[in-house]
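# Examination of the molecular architecture
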Amino acid sequence: KEYNKILWQTIKEHPKGFVLSMLGGVFQFWTHDNYITVAQFLGYLTDYETLKLPTPPLFTMITHPKLSYLPHLASYLASPAIIIVISRLLWILVAILAFGGIIKYLTKNRLDSKILLVLLVVLYFSSAAATLGIGITGRVRQPINPLILMWAGYCLFWIKNTMVKN
């Protein structure tokens, strides 16, 4: 009971931080590539110290674009970090396609109980991820990856059929 009181007090004092933390968790859930977790599991990465990522961080280069960062881009292209960057971009694409597939299916077809169950399972995992914040990795998404890929595939087939018609 005491923790609930502290929780709600903190949320009231920092509503923006609370929302950003939830959104960060959802973003991580949908886009995390899971390569760091796999590398740790296989024993290639025992701690983050051994992961020699180029500097400055890629996120900094994107959010604060300057011409002086161009030489650093070569260090990303020449390091294993490029695999993480490419795979993250691919998962962002998969997430966009999955959302597009869900929206297209719902606008084109009637919502039946089987599809509703699939959507609720995806929503459940996504909302559970929101509570974990930015510390979440792609392993939490593993049980529903087939569902996400199904929706992304649906969107890809719709795009392909639309392009063939035109």
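Look a little higher up for the structure.
### Some remarks on the nonpolar core
Counting 21 residues, the largest nonpolar core has Phe29, Trp30, Ala98, Ile144, Ile148 and Trp151 as the members making the most contacts within it. Contributing elements (two or more residues each) for this core: helix H2 (15–31), helix H6 (81–108), helix H7 (113–132) and helix H8 (145–165). Tallying contributions element by element places H6 first for this core, with 7 residues. Setting aside anything within four residues of it in sequence, one finds Ile148 in contact with Trp30, Trp91, Val94, Ala98 and Arg141.

### Considering the packing of aromatic side chains
Tallying each qualifying case throughout the model produces 6 aromatic pairs. Relative to Trp30, the ring of Phe29 has its centre 5.7 Å away and its plane inclined at 90 degrees; by these criteria the two rings are edge-to-face. Each member of the pair, Phe29 as well as Trp30, is classed as buried. When the centroid spacing of 5.6 Å and the interplanar angle of 70 degrees are considered together, the rings of Tyr105 and Tyr154 count as edge-to-face. Taken together, the positions of Tyr105 in helix H6 and Tyr154 in helix H8 put the pair 49 residues apart, joining distant regions of the chain. Residue Tyr105 is classed as buried on the basis of its relative accessible area of 15%. Classification of Tyr154 as partly exposed rests on a relative accessible area of 27%.

### Side note on the side chain of His32
Relative to the assigned elements, His32 resides in the loop between H2 and helix H3 (35–41). When its relative accessible area of 8% is taken as the criterion, His32 is described as buried.

### Focus: the packing of H7 against H8
With their axes 10 Å apart at the nearest point, H7 and H8 run at an angle of 120 degrees to one another. Handedness of the H7/H8 crossing: left-handed. Only Leu147, Met150 and Trp151 of H8 make contact with H7, whose side of the interface consists of Ile115, Val118, Leu119, Val121 and Val122.

### Some points on a nonpolar patch on the surface
Residues Leu106, Leu111, Leu116, Leu120 and Leu123 make up a contiguous nonpolar surface patch of about 430 Å² in total accessible area. Broken down by element, the residue count for the nonpolar patch peaks at 3 residues, all from H7. On the secondary structure map, Leu106 appears in helix H6.

Cut-off values and rules
Residues numbered from 1 in each chain as written. Predicted model: local features only at pLDDT ≥ 70, side-chain atom pairs only at ≥ 80, totals over all residues. Heavy atoms only, no water. Core = buried A, V, L, I, M, F, W, Y, C linked by side-chain atoms within 4.5 Å. Buried < 20%, exposed > 50% of the residue type's maximum accessible area, 1.4 Å probe, protein only. Helix = DSSP H or I, 4+ residues; strand = E, 2+ residues; numbered from the N terminus. Contact = heavy atoms within 4.5 Å. Phe/Tyr/Trp six-rings, centres within 6.5 Å; stacked < 30°, edge-to-face > 60°. Axes fitted to C-alpha atoms, helices over the stretch in contact; angles between N-to-C directions. Left-handed = near helix turned anticlockwise from the far one by under 90°. Patch = residues over 30% accessible without salt bridge, like charges linked within 9 Å, V, L, I, M, F, W, Y side chains within 5 Å. Areas by Shrake-Rupley, 256 points an atom, 1.4 Å probe, with all protein chains shown as cover. Salt bridge = Lys/Arg side-chain N within 4 Å of Asp/Glu carboxyl O.

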